[in-house]
Amino acid sequence: MGGKTVATLSDGFLEIKNGGGFALFPTPVDSEKLHVFQQIQTLSPQSYSINDFDYYGSISDFTGKAFDGFGKLPLPESVTSQMANVTEEITAGLATHLDPTETDAWITIRFQPTSHAFDTPRWHIDGKMFTDGTVPKIQYKIGGALFGPGTLFYDIPPEKRHSFAEETTDPGIQFYNGLVAGKDPNVLNEEWLNARKLVDKKVPQENIVQGSSEFMAVFAVGDPGTSGFHSEPNMSSSGNRMFFSMVPGTKSQIEELRQKFEQHNPNTKKTNRM
Ligand SMILES: [Fe+2]
């Protein structure tokens, strides 16, 4: 089972391909350059026109400039070029594992201001990204905080997975995505909080691993038996956070993902189809 810190993304990929879970790997940008992102850390949330920005399309066509619509002001050149650099380095790190048809990606940046929304963690696994296609391998996501606190991961023992999956039989709780059925997960109602608390009680503090801007994660998604179990970190006093994630796939897989997400969130997502 995954849950290690490894030397490279390539090692992390092999780790989760063989055992599922998650692996932390050094963010493939030197720490000096990582600091460029902090230029936008102290901007107020009002400086952003949207909180989530999604790019669906060709990896080689991606430039950080695709994210310019994210802020009310254009992002500094150094920030957009570093975003492109992170994407390039991740792609290079995966190179030997990518099928030649896996030319596209869903790339997200998510701005999360300081809040109490995750004082109780939202433990969950991510659902399947797309229908399994001609490239039959595990589905996975790469993600990390470019600034602010890193994602929490729980290296869940295989024998415990079953009991977490059983939570799906509890009223209103869905294992996938930590959603309360029919409720907006961003609204902290009592039912939602109780559902989170129930799951959080089962997670031993000493088995929680946290990423950082220096360590991103690669984690399996879409299968309760193998997926990386994770949550947003506590953001009550940490300052703003910017989360970056990338899911590579074939052109048709990424198009399938785009259509699915846009259907679910027609008003909150902004799409760049470059
Ligand atoms: Fe997630």
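Thresholds applied
- Residues numbered from 1 in each chain as written.
- Predicted model: local features only at pLDDT ≥ 70, side-chain atom pairs only at ≥ 80, totals over all residues.
- Helix = DSSP H or I, 4+ residues; strand = E, 2+ residues; numbered from the N terminus.
- Contact = placed C-beta atoms within 7 Å.
- Axes fitted to C-alpha atoms, helices over the stretch in contact; angles between N-to-C directions.
- Parallel < 35°, antiparallel > 145°, perpendicular 65-115°, else oblique.
- Left-handed = near helix turned anticlockwise from the far one by under 90°.
- Nonpolar A, V, L, I, M, F, W, Y, C, P; charged D, E, K, R; others polar.
- Core = buried A, V, L, I, M, F, W, Y, C linked by C-beta atoms within 7 Å.
- Buried ≥ 20, exposed ≤ 12 C-beta atoms within 10 Å, placed from the backbone.
- Pairing = 2+ DSSP bridges.
- Expected span 1.5 Å × (residues − 1).

Our next topic: the overall build of the protein. Assigned secondary structure in the protein consists of six helices and eleven strands. For the protein, the proportion of contacts with a sequence separation of at least 24, taken over those separated by at least 6, is 76%.

A packed helix pair is summarised by two numbers, namely the angle formed by the two axes and the spacing between the axes. Helix α3 (residues 77-94) packs onto helix α1 (residues 9-19) with a crossing angle of 55° between their chain directions and a minimal axis gap of 8 Å. Comparing their axes, α3 and α1 come out oblique. Where α1 crosses over α3, the handedness of that crossing is right-handed. In contact with Leu9, Ser10 and Phe13 of α1, α3 contributes Ile90, Gly93 and Leu94. Classifying every residue of the contact of α1 with α3 by side-chain character gives four nonpolar, two polar and no charged.

Before going further, it helps to examine the nonpolar core. Grouped together as the largest cluster of nonpolar side chains are 57 residues, with contacts concentrated most on Ile16, Ala217, Val218, Phe219 and Met242. In terms of residues, this core owes the most to one element, strand β8 (residues 215-221), which gives six residues. The contact partners of Met242, leaving out residues within four places of it in the chain, are Phe37, Ile109, Phe111, Ala145, Leu146, Phe147 and Gly148.

Read from one edge to the other, the open sheet built from three strands follows the order β7-β6-β9, with strand pairing classed as antiparallel. Two strands close off the open sheet at either side, each with one partner strand: β7 (208-210) and β9 (229-231). Recorded for the sheet is a direction-independent mean angle of 30° between the axes of neighbouring strands. As judged from the three bridges shared by strand β6 (residues 152-154) and β7, these two strands associate in the antiparallel manner. What sits directly across from Leu152, in β7, is Gln210.

Side chains on a regular strand alternate between the two faces of the sheet. Among the nine residues that make up strand β10 (residues 241-249), eight are buried, leaving the element largely enclosed by the rest of the structure. Here strand β5 (residues 139-147) runs beside β10; their pairing, made up of five bridges, is antiparallel. In the sheet register, Gly143 faces β10, and the bridge partner there is Ser245.

Glancing now at the environment of Asp104. One can find Asp104 in strand β4 (residues 104-112). In sequence terms Asp104 and Gln253 are 149 residues apart; their C-alpha atoms lie 8.5 Å from each other. Dropping the residues within four chain positions of it, Asp104 is found in contact with Gly57, Ser58, Ile59, Gly249, Thr250, Lys251 and Ile254.

What follows covers the environment of Gly211. Relative to the assigned elements, Gly211 resides in the loop between β7 and β8. The buried category is assigned to Gly211, around which 25 C-beta atoms lie within 10 Å. For the pair Gly211 and Thr5, spaced 206 residues apart in sequence, the C-alpha separation works out to 9.6 Å. Once residues lying within four places of it in the same chain are set aside, the contact partners of Gly211 are Leu24, Gly144, Ala145, Gly150, Thr151, Met216 and Ala217.

It is worth spelling out α3 at this point. Between its first and last C-alpha atoms α3 spans 26 Å; for 18 residues at 1.5 Å apiece the expected length is 26 Å, and the two agree. Burial in α3 covers these residues: Val79, Gln82, Met83, Val86, Thr87, Ile90, Thr91, Gly93 and Leu94. Those residues of α3 hidden inside the fold are in contact with α1, α2 (31-34), β4, β5 and β10.

Note that every value here comes from positions in space, so none of it alone points to a role or purpose.
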